[in-house]
2 protein chains.
Amino acid sequence: MSANKKARTHPPYELLYWPGIPGRGEFIRLVFEAAGVSYKDPANETKDAGGMDIVASLTNPESVGEDGNPPVFAPPALKVPGEGKNGGALLIYQTPAILSYLGEKLDLAGTDEAEKMFILSHTLTALDLNNEAHDTHHPIAVSKYYEDQREEALKKATDFRENRIPKFFGFFERVLKGNEEGGKGKFLVGDKLSYADTTLWHVLSGLEWAFPSELDFRKQDYPLLFGSFYDNVAQTPGIKEYLASERRLRFSMGVYRNYPELDRP
Amino acid sequence: MSANKKARTHPPYELLYWPGIPGRGEFIRLVFEAAGVSYKDPANETKDAGGMDIVASLTNPESVGEDGNPPVFAPPALKVPGEGKNGGALLIYQTPAILSYLGEKLDLAGTDEAEKMFILSHTLTALDLNNEAHDTHHPIAVSKYYEDQREEALKKATDFRENRIPKFFGFFERVLKGNEEGGKGKFLVGDKLSYADTTLWHVLSGLEWAFPSELDFRKQDYPLLFGSFYDNVAQTPGIKEYLASERRLRFSMGVYRNYPELDRP
């Protein structure tokens, strides 16, 4: 958990997400860590099996919502005490919606309306890449094991590596190039860190872990993305300390998975 | 094209999207039509092959953006004259970002911050369902023909029909139930139309066209979704006239495709 810097000026934010994996919760954690704002992560703070229960009850398939909030389709969700209907807790779900909300509150969403829109657009694009990375190991059904869709995964991963990775990396390289005067290759939008930067950074970090051979082969083609940008985000105060801490959960069997047969031969 | 109602109070919005299919452009069109606000759709207004050129130049793989706007990853994009950096045109891409922007401007984004967030969250969820529907016919590679991934598509579509459709439909039924006091089963959030309603409506409409047998089988289980909600959106002033007009593009070979072998046997 982050130090209590600024905690008194913000409500006690609560991230509700599965314990033990970075997953989609990590995009939210990085925003808090970059802003130096404390947050609760109850599923990971509960030592016994209670962590799963917290998230399972969030997505109870009978729920019609409560306290003026709708039901939640899937984690992550963000609970913000005092900001909901009638003074109760506000409960937001969907990663881009949570990031958009927190980006505004924590000054990670740009300096004007145009930047705000660019930051949301790039974040959605980075999250599309995140989803496609997930689908390489689950191309047929999220409810089935990888082993039951391995043949299809081999095909999907080949297309992902050969066509999709270059398309996304090339795009973000051009975004950095087009913003080079203000961003110096360090920021996607404007001249300061945004939640688009932290989101793309985590996706690249996951791809490096899941597809090390492919990334080694590709990186040199994108000098801004893997030179200035990637290193700069990792060195950002708050992020740097977080990445070196035990709070950062290791990649394992979540969105990013290291199946060598799906990587570049 | 919509009548020029309210056109004088808004900039001349321009939707940039592939011609000839509803696709992801339709989510944007429905917002304009519901608000009674005129918009340009240049790819569909160009009689010759120029429509494709307009969109192809938008996503030029060498572009680093222009006029203070970043490059565009993929259509749709929205151009808003006078709202960009230094008084130029603002160019926004990514469907949820465009909807979020227009929702605010056209009063289709709720009445307070909580509603604004719920509307964005539900829209993202409806668009996730849209993406999953697309992936039923392209589970392996968007760059390959359906015929080259037909075996995988049969598996993907089976999972989509048996597991994913009930999960999403059940969720939205509960959203409507939880908001029944204000929304009367007609609106996902609050007591008036939002861009979440028009977005979910178009997804349901596409699913009805692509999977008619499956939808016939499922509908009765979701009385709010396919009773009050679906019919109410279609009867909304602006939407009703649009759906009856020749402006509405027919489903064909876009996101939604009617391959009988992918439907319920």
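About the thresholds
- Residues numbered from 1 in each chain as written.
- Chains lettered and ligands numbered in written order.
- Predicted model: local features only at pLDDT ≥ 70, side-chain atom pairs only at ≥ 80, totals over all residues.
- Heavy atoms only, no water.
- Domains from an automatic or database assignment.
- Contact = heavy atoms within 4.5 Å.
- Buried area = accessible area lost by both parts, 1.4 Å probe.
- Salt bridge = Lys/Arg side-chain N within 4 Å of Asp/Glu carboxyl O.
- Polar contact = N/O pair within 3.5 Å; in protein donor to acceptor, adjacent residues only side chain to side chain.
- Pairing = 2+ DSSP bridges.
- Helix = DSSP H or I, 4+ residues; strand = E, 2+ residues; numbered from the N terminus.
- Phe/Tyr/Trp six-rings, centres within 6.5 Å; stacked < 30°, edge-to-face > 60°.
- Buried < 20%, exposed > 50% of the residue type's maximum accessible area, 1.4 Å probe, protein only.
- Lys NZ or Arg CZ within 6 Å of the ring centre and 35° of its normal.
- Axes fitted to C-alpha atoms, helices over the stretch in contact; angles between N-to-C directions.
- Nonpolar A, V, L, I, M, F, W, Y, C, P; charged D, E, K, R; others polar.

Visitor: Explain the domain arrangement of chain A residue by residue, including any values.
Guide: Residue and element names in this part refer to chain A. As far as domains go, chain A holds domain 1 (13-105) and domain 2 (109-236). The distance between the C-alpha centroids of domain 1 and domain 2 comes to 23 Å. Between domain 1 and domain 2, the residue contacts involve 14 residues of the former and 15 residues of the latter. Taking both sides of the interface into account, the surface hidden between domain 1 and domain 2 amounts to around 1,100 Å²; carbon and sulfur atoms contribute 72%. At the junction of domain 1 and domain 2, the tally comes to 1 salt bridge. Residue Glu104 is joined to Lys116 by a salt bridge in which the shortest nitrogen-to-oxygen separation is 3.4 Å. Across the contact surface, domain 1 and domain 2 share 3 residue pairs in polar contact (both at pLDDT 80 or more).

Visitor: How would you explain the pairing of strand E2 (residues 77-80) of chain B if you had to name every residue and give the values?
Guide: Side chains on a regular strand alternate between the two faces of the sheet. Residues and elements named next belong to chain B. Where strand E1 (residues 14-16) and E2 come together, 3 bridges link them in antiparallel fashion. Directly across from Leu16, in E2, lies its bridge partner Ala77. Bridge analysis of E2 against strand E3 (residues 90-93) gives 4 bridges, and the strand direction is antiparallel. Bridging from a neighbouring strand, Val80 pairs with Leu90 of E3.

Visitor: Could you give me a rundown of the packing of aromatic side chains, with the residues and numbers involved?
Guide: Applying the stated rule across the entire model yields 28 aromatic pairs over all chains. Pairing A:Phe251 with A:Tyr256 gives two aromatic rings, centres 5.8 Å apart and planes at 75 degrees, and the pair type is edge-to-face. There is no split in this pair, since A:Phe251 and A:Tyr256 are both buried. Ring geometry for B:Trp201 versus B:Tyr230: centroids 5.4 Å apart, planes at 20 degrees, classification stacked. Of the two residues, B:Trp201 sits in helix H8 (residues 195-210) while B:Tyr230 sits in helix H10 (residues 223-234), which places them 29 residues apart along the sequence. No difference in accessibility class separates B:Trp201 from B:Tyr230, as the two residues are buried. Every member of this aromatic cluster is reached through a ring pair, and the members are A:Phe73, A:Tyr93, B:Phe168, B:Phe171 and B:Phe172. Taking NZ or CZ as reference, A:Lys167 lies 5.1 Å from the ring centre of B:Phe73, over its face. The ring of B:Phe217 carries B:Arg264 above its face, with NZ or CZ at 3.5 Å from the centroid.

Visitor: Please give an account of the sheet that holds E1(B) that cites residues and values.
Guide: Backbone-to-backbone hydrogen bonds pair the strands of a sheet. The strands run either parallel or antiparallel. All names here are of chain B. With antiparallel pairing, 3 strands are arranged side by side in an open sheet as E1-E2-E3. The two strands at the open ends of the sheet, each matched to only one other strand, are E1 and E3. Averaged over all pairs of adjacent strands, the angle between their axes in this sheet comes to 20 degrees, without regard to strand direction.

Visitor: Tell me about the interface of chain B and chain A, and name the residues and values.
Guide: Taken together, the contact between chain B and chain A spans 55 residues of the former and 55 residues of the latter. Taken over both partners, the interface formed by chain B and chain A buries close to 4,600 Å², and the fraction arising from carbon and sulfur atoms is 61%. Of all residues in chain B, B:Phe73, B:Ile140 and B:Arg174 bury the most surface against chain A, accounting for 16% of the area lost on that side. The interface formed by chain B and chain A holds 8 salt bridges in total. Its salt-bridge partner being A:Lys85, residue B:Glu115 comes within 2.9 Å of it at the nearest N-O pair. Summed over the shared surface of chain B and chain A, the result is 26 residue pairs in polar contact (both at pLDDT 80 or more). Elements with a contribution of two residues or more to the side of chain B that touches chain A: E3, helix H4 (95-105), helix H5 (113-137) and helix H6 (150-178) of chain B. A breakdown of the residues in the side of chain B that touches chain A according to their chemical character gives 25 nonpolar, 12 polar and 18 charged.

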